[in-house]
Amino acid sequence: RKIEKRPVQHIRLEDTTSALKSLGMKPSKKEVLNMMWEVDENLDGVIDWEEFCTNFERNIQDRSGLEPANFYHLVQFMIYDKDNNGMVSIDETMYLLYARL
């Protein structure tokens with residue numbers, strides 16, 4: 001995956017679309033907008049650091065399963081996919097399991 005080299009102040013629609021496409025998905029603009037809308041608290045069309053952290057915190061603490069988690073799952077997958085091949089291998093899974101102990 002090619003990661004754009006720019007000073008990141010926020011996550012744009014284009015960034016999320018690019019991340020999904022790098023994983024082999026073909027999301028519609030509406031799907032990406034809905035995913036970002038779940039996180040974009042101030043409705044400015046981008047995800048800033050505070051919104052990003054709030055989303056993570058809410059999803060980590062969510063015990064009901066009702067918290068919108070599409071963006072959270074995308075980011076988690078990208079973190080876990082250490083070799084950026086679009087899959088989480090057994091070795092990567094084992095690393096995660098032992099890292100959390």
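Note that this is a predicted model, so its numbers are computed, not measured. (Residues numbered from 1 in each chain as written. Predicted model: local features only at pLDDT ≥ 70, side-chain atom pairs only at ≥ 80, totals over all residues. Heavy atoms only, no water.)

(A) Representation of helix H4 (residues 70-80) in the model. All of the buried residues along H4 are Phe71, Tyr72, Leu74, Val75, Gln76 and Tyr80. Looking at the buried positions of H4, the neighbouring elements they touch are strand E1 (10-11), helix H1 (13-22), helix H2 (29-37), strand E2 (47-48), helix H3 (49-61) and helix H5 (90-99). (Buried < 20%, exposed > 50% of the residue type's maximum accessible area, 1.4 Å probe, protein only. Helix = DSSP H or I, 4+ residues; strand = E, 2+ residues; numbered from the N terminus. Contact = heavy atoms within 4.5 Å.)

(B) Structural view of the packing of aromatic side chains. In the structure shown here, the tally under the stated rule is four aromatic pairs. Here the aromatic rings of Trp49 and Phe52 are separated by 5.6 Å at their centres, their planes lie at 20°, and the arrangement is stacked. You can see Trp49 and its partner Phe52 sitting in helix H3, three residues apart, about one turn around the helix. A relative accessible area of 62% places Trp49 in the exposed class. Here the aromatic cluster, defined as three or more aromatic residues joined through ring pairs, consists of Trp49, Phe52, Phe56, Phe71 and Tyr72. (Phe/Tyr/Trp six-rings, centres within 6.5 Å; stacked < 30°, edge-to-face > 60°.)

(C) Layout of a nonpolar patch on the surface. Together, Ile90, Met94, Leu97 and Tyr98 make up an exposed nonpolar region whose accessible area comes to about 450 Å². Along the chain, Met94 falls in helix H5. (Patch = residues over 30% accessible without salt bridge, like charges linked within 9 Å, V, L, I, M, F, W, Y side chains within 5 Å. Areas by Shrake-Rupley, 256 points an atom, 1.4 Å probe, with all protein chains shown as cover. Salt bridge = Lys/Arg side-chain N within 4 Å of Asp/Glu carboxyl O.)

(D) Here's a closer look at the nonpolar core. Core analysis: the biggest nonpolar cluster contains 15 residues, and Ile47, Phe52 and Phe71 have the highest contact counts within it. For this core, the secondary-structure elements that each account for two or more residues are H1, H2, H3 and H4. No other element matches the four residues that H4 contributes to this core. Leaving out residues up to four positions away in the same chain, Ile47 has contacts with His10, Ile11, Met36, Val39, Phe52 and Phe71. (Core = buried A, V, L, I, M, F, W, Y, C linked by side-chain atoms within 4.5 Å.)

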